[in-house]
Amino acid sequence: AGGGGGGGGAEPSIVVFDEAHNIDDVCIESLSVRLNRQRLDQSSGNLQRLGQEIDRVKREDGARLQDEYRRLVQGLQQAGQLDAQVAERLQSPVLPEDLVTEAIPGNIRRAEHFVALLRRIVNFLRRYLQVERAQCEGPLSLLHKFEEDVEVDAKSLKFCHERLRSLLSTLRVSNLDEFTPITKVADFVTLLGTYAQGFTVITDPYPEAEGIYDPELLLSCLDASLAIRPVLNRYQSVILTSGTISPLEMYPKILGMTNVVVTESFSITMERNCLCPLIVTHGPDQVPITSRFSLRENSAVIKNYGDLLEQLVQTVPDGLVCFFTSYRYMELVIEKWYETGVIARVLKHKLVFLETKDIVATTYALNLYRKACDDGQGAVFLSVARGKVAEGIDFDRHYGRCVVLFGVPFQYSLSRELRARLEFLKFSYQIQEAEFLNFDAMRQASQCLGRVIRSKSDYGVMVFADQRYARKDKRTKIPDWIQNSLEPGHIVMSTDVAVQAARSFLLQMSQPYKERTGAGGSVLSPAALKDLQA
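Calculation rules
- Residues numbered from 1 in each chain as written.
- Predicted model: local features only at pLDDT ≥ 70, side-chain atom pairs only at ≥ 80, totals over all residues.
- Heavy atoms only, no water.
- UniProt positions renumbered as here; feature names shortened; annotations may be inferred.
- Buried < 20%, exposed > 50% of the residue type's maximum accessible area, 1.4 Å probe, protein only.
- Helix = DSSP H or I, 4+ residues; strand = E, 2+ residues; numbered from the N terminus.
- Pairing = 2+ DSSP bridges.
- Contact = heavy atoms within 4.5 Å.
- Axes fitted to C-alpha atoms, helices over the stretch in contact; angles between N-to-C directions.
- Core = buried A, V, L, I, M, F, W, Y, C linked by side-chain atoms within 4.5 Å.
- Salt bridge = Lys/Arg side-chain N within 4 Å of Asp/Glu carboxyl O.

- Looking at an unreviewed UniProt entry, the protein carries the name DNA 5'-3' helicase, with the source organism given as Zooxanthella nutricula.
- Its UniProt record gives the protein a comment under Catalytic activity (unreviewed entry), which states: "ATP + H2O = ADP + phosphate + H(+)".
- Recorded in UniProt under Cofactor (unreviewed entry), the annotation for the protein is "[4Fe-4S] cluster".

This is the structure in structure tokens:
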């Protein structure tokens, strides 16, 4: 998807975002701030340290603080602290335009006054966090409470981020990481004072698990366009690209791109058909297979999933990767498979490794999985669609000859953050709830399946194990390069017929293969190009 930039004043540069299928999530994450009691306690410690540093600088080098005060009175640009070009670059979403042109408000110019204000803000947030049940409110509502309780206006809050940055610079603080907690608090109130819309404030007393009281305050960004707008305005051309950026028409909507030049989906040039997508909808007993909430604990569905895995481990050489829709669903299915002997029967053919929430244990499991594939024994890696493995790990060559997606990876639709975002998208961009959830689930599914094809000589089987993938609204959202390999007879399959299709495909792919060069090859060398021209 290519977007035009911000007109005449835009820099004549081209900005390319690769792997941009999740760019809206990245934008939202960059403007969302989480605070809990531990972080607020650390912020109090930071403020105590800042107070000591201010006293020390006053004693040793009072002129430095006076100098900063004079700068803040004049406003950063007028004082020569920022030239016009740097000022323009600083106009990021966290740093409003007023900051560059206006003077810092009088009540936070003096360092000790500013630290006292931050102390009042931290104390207010600590009280605000004392909740017994979850609540959700708009930024203006919380801002009103700030003004009443802390006796500070929105304009002063808007400048907190830059005022803290200036103070840390004046005090010549070398270890900025130490002041991350108070920086987060400053970010929180700056965003709160800057934006009246596009955000929501969520307070959850039990964010981890029911019964574990550890209240969390989340300023959640709902509008992805806020973060990317400065980039679109500044550069002449912005290009978003990814192998799984599908469907294309959704991205300009949610990113607020108005002057889109082109949205184009390119197919992958391959000399042989090295993809085999299969949509498995039912078992041999005709019971539909699906991770739909109403059927996910159905023993017949879990049995059919187990049969599919058992038959695939006997058919697929080397590595086989499976993705579940969530950790909870993976635990449920594996527990049932243990009880019914599926895991024991799989272990007769391949070793089994699984992803956990512990990143160290998962990395260790991945290394052992690769070793088992290198040794020729083969292995199965059980993973989660929205986990670390689905996003960043490639299963190229013999590490991933088949990938299976058990279910459709929808987001947890009762999440307060997601509910707020869905309401915002419906109100602001007229994007219906089902439309966005389908789009999000299918891009996640495509991301999982794309892990196995990483080069021209690679080949692999892609198994969509859920009856819902056969529906047109899901199937058309699969990237074109996968759809082009999907044969009409592979759209509604039973588990045993799908395994037969995978077996014949892998047999065909295992034949000796020499990449064609010269005329007719997929990539021409300079010499071959001259021959062709001649």
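Alright, that's what it looks like, and here's the rest.
Quick look at the pairing of strand β3 (residues 33–36)
On a regular strand, one side chain projects to one face of the sheet and the next to the other, so that they alternate.
Inference 1: Only one face of β3 is covered, namely the face carrying Val33 and Leu35; the face carrying Arg34 and Asn36 is uncovered.
Inference 2: Both β3 and strand β6 (residues 216–221) contribute to a ladder of 4 bridges, which runs antiparallel. Its bridge partner lying in β6, Arg34 is registered against Leu218.

Regarding the sheet that holds strand β10 (residues 319–324)
Inference 1: What the 7 strands build is an open sheet, ordered β11-β12-β10-β13-β14-β9-β15; its pairing is parallel. Single-partner strands in this sheet number two, and they are β11 (351–354) and β15 (493–494).
Inference 2: Note that strand β9 (residues 275–282) and β15 share 2 bridges and pair parallel. Across the sheet, Val280 pairs through a bridge with Met493, a residue of β15.
Inference 3: Packing against the sheet, helix α13 (residues 327–340) makes contact with β10, β11, β12 (379–384) and β13 (402–406), and its axis sits at approximately 140 degrees to β12.
Inference 4: Contacts between helix α18 (residues 433–449) and the sheet are confined to β10, β13 and β14 (460–465), with β13 contributing the most and set at about 155 degrees to the helix.

As for the nonpolar core
Inference 1: Of all hydrophobic cores here, the largest spans 74 residues; its most connected members are Leu50, Ile121, Leu125, Phe146, Phe188 and Leu255.
Inference 2: Top element by residues in this core is helix α5 (residues 111–128). It accounts for 10 residues.
Inference 3: Listed in part, the 43 residues of the second largest apolar core include Cys276, Leu312, Ala502 and Leu506.

Here's the deal with the pattern of salt bridges
Inference 1: A complete count under the given rule lists 29 salt bridges for this structure.
Inference 2: For the salt bridge of Arg443 with Asp24, the shortest nitrogen-to-oxygen distance reads 2.7 Å. One end of the pair, Arg443, is in helix α18; the other, Asp24, is in helix α1 (residues 23–30), and 419 residues separate them in sequence.
Inference 3: Judged by relative accessible area, which is 0%, Asp24 ranks as buried.
Inference 4: In this structure, Asp466 and Arg468 form a salt bridge, with 3.0 Å as the shortest nitrogen-oxygen distance. This pair shows no difference in class: Asp466 is buried, exactly as Arg468 is.
Inference 5: Through salt bridges with shared partners, a single ionic network connects Asp24, Asp25, Arg386, Arg421, Asp440 and Arg443.

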